[in-house]
Amino acid sequence: MKTLVEKWSRPSQHSFVSNRYGVDKSFDRSAEVLMRMHDEYEVTVMVGCSGKRFIGNTIENFSKQDLFLIGPHVPHFVQLDEHDKEDVITLRFLKEGFGENFFSLPENEFIARLLAEAQRGVSFDQADVPAFHQKIVELTTLQGFERMIAFFQLLQQMALNPRRRAISSRGFTLVKNVKDCEVVNKTYEYIINRFADHDITLDEISAYVSMAPATFCRYFKKHFHKTFTNFLNEVRVGHACKLLQETNYSIAAIAFASGYNQLTHFNRQFKRIVGYSPKEYRQLLDGQGD
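Attention in this report is confined to the structure presented alongside it. Here the structure is a predicted model, which means the values were calculated and not measured. Residue positions are counted from 1 within each chain, in the order its sequence is given. Per-residue local features are limited, in this predicted model, to residues with pLDDT of at least 70; the limit for side-chain atom pairs, both in listing and counting, is 80 or more; totals at the level of whole chains, interfaces and linings are taken over all residues. Heavy atoms throughout the structure, all of them, feed into the side-chain values; hydrogens and water do not.

This part covers the side chain of Lys242. Checked against the element boundaries, Lys242 lands in helix α7 (residues 228-246). For every residue, the accessible area obtained with a 1.4 Å probe (protein chains only) is divided by the maximum for its type, and the residue is called buried under 20%, exposed over 50%, and partly exposed between those limits. In this structure Lys242 comes out as buried when scored by relative accessible area, which is 11%. If sequence neighbours within four positions are ignored, Lys242 has contacts with Ser50, Gly51, Lys52, Asn61 and Asp81. Numbering of helices and strands runs from the N terminus; a helix is a DSSP stretch of H or I covering at least four residues, while a strand is a stretch of E covering at least two. What makes two residues a contact is simply this: any of their non-hydrogen atoms within 4.5 Å.

Helix span, expected: 1.5 Å multiplied by one less than the number of residues in the helix. For helix α3 (residues 144-160), built from 17 residues, the straight-helix expectation of 24 Å at 1.5 Å per residue is met to within 8% by its first-to-last C-alpha distance of 25 Å. Of the surrounding elements, those touching the buried residues of α3 are β2 (17-21), β4 (41-55), β5 (58-70), β7 (87-93), α1 (109-117) and α2 (129-140).

Turning next to the packing of aromatic side chains. Any two rings among Phe, Tyr and Trp, with Trp reduced to its six-membered ring, count as a pair given centres within 6.5 Å; such a pair is stacked if its planes are under 30 degrees apart, edge-to-face if over 60, and tilted if neither. Applying the stated criterion to the full structure yields 27 aromatic pairs. Summarising the aromatic geometry, the rings of Phe151 and Phe152 are spaced 5.4 Å apart at their centres and angled 70° between planes, so their arrangement reads as edge-to-face. Considered together, Phe151 and Phe152 belong to a single accessibility category, that of buried residues. One aromatic cluster is present, formed by Phe16, Tyr41, Phe93, Phe98, Phe102, Phe103, Phe151 and Phe152 through successive ring pairs. In this scheme, the term charge over a ring applies when either NZ of a lysine or CZ of an arginine sits within 6 Å of the ring centre and within 35 degrees of the ring normal. The aromatic ring of Phe16 is capped on one face by Arg147, whose charged end is 3.9 Å from the ring centroid. Here the basic side chain of Arg236 rests over the ring of Tyr260, its NZ or CZ set 5.5 Å away from the ring centre.

Salt bridges are counted wherever a side-chain nitrogen of Lys or Arg sits within 4 Å of a carboxyl oxygen of Asp or Glu. Counted by the stated rule, this structure contains 15 salt bridges. Glu204 is the salt-bridge partner of Arg194, the closest N and O atoms lying 2.3 Å from each other. Separated by ten residues along the polypeptide, Arg194 in helix α4 (residues 178-194) and Glu204 in helix α5 (residues 202-208) bring together distant segments of the chain. Residue Arg194 is classed as buried on the basis of its relative accessible area of 17%.

What follows covers unusual backbone geometry. In the Ramachandran plot, His73 falls in the positive-phi region, its phi being about 65° despite a non-glycine side chain. Relative to the helices and strands, His73 is located in the loop between β5 and β6 (76-80).

Turning to the environment of Tyr208, a few remarks are in order. With respect to the secondary-structure elements, Tyr208 resides in helix α5. You can call Tyr208 partly exposed: its relative accessible area is 34%. Separated by 21 residues in the primary sequence, Tyr208 and Thr187 have C-alpha atoms spaced 8.1 Å apart. Apart from the residues lying within four places of it in its own chain, the contact partners of Tyr208 are Lys186, Glu189 and Tyr190.

Written out as structure tokens, the structure reads:
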């Protein structure tokens, strides 16, 4: 996996930039997964999409729609499933682009809090995404002062949204140097390609990132604020949730496809992370579809 450390030049006529990707500019899903980092804040809204998003120290599934805000230097990338139609819009801005003390003004108190939270990534409830999506679409059509007003109205609405939540766990350490980028890259790459394998060992992942096992354990706990084993189980259980939602496979088959060769271990890890057994989770999904 490669890291794209993006540098952005603010256009002279805009204080923030927007990009929109639709059916006419679809993502190349056959291309190598690219982890991204940049100096700007970024708002991303996705509609008509499902897949996995990797932000900071958290890998999560999303379906149909998603909205998140990330701060500078937060590693992230998105793997989309195949869809006939999708709409992805990103807004990027530099905090300093509005003046050194602009967000310290009393009137911007809630937005300032939101931007502080963005260092861990912020996501929003799926029920709120359509309204935000509509506002962001409208914003991209505006120019001049109206565009600026719409942008700050968007940030204020995000800041006042009671259902937003942090994505990365508290204590996650931002990636700020080349050495850390390489280790995080290789760790993500290894997990993406191998999480369904049953024979992953600490010695193997440590060798893959060119560290001694004890050194890798300390490094991972420091930067990800969780153990590698817990992180791997979260990825595997997240994949199992997706299979429980989208397929009729047996629970035993889903456990095996998610990297577990012992059903009892799978059930125990699933309940620890999700709060329900796989059977209870599937019944909950079936009840929502009634």
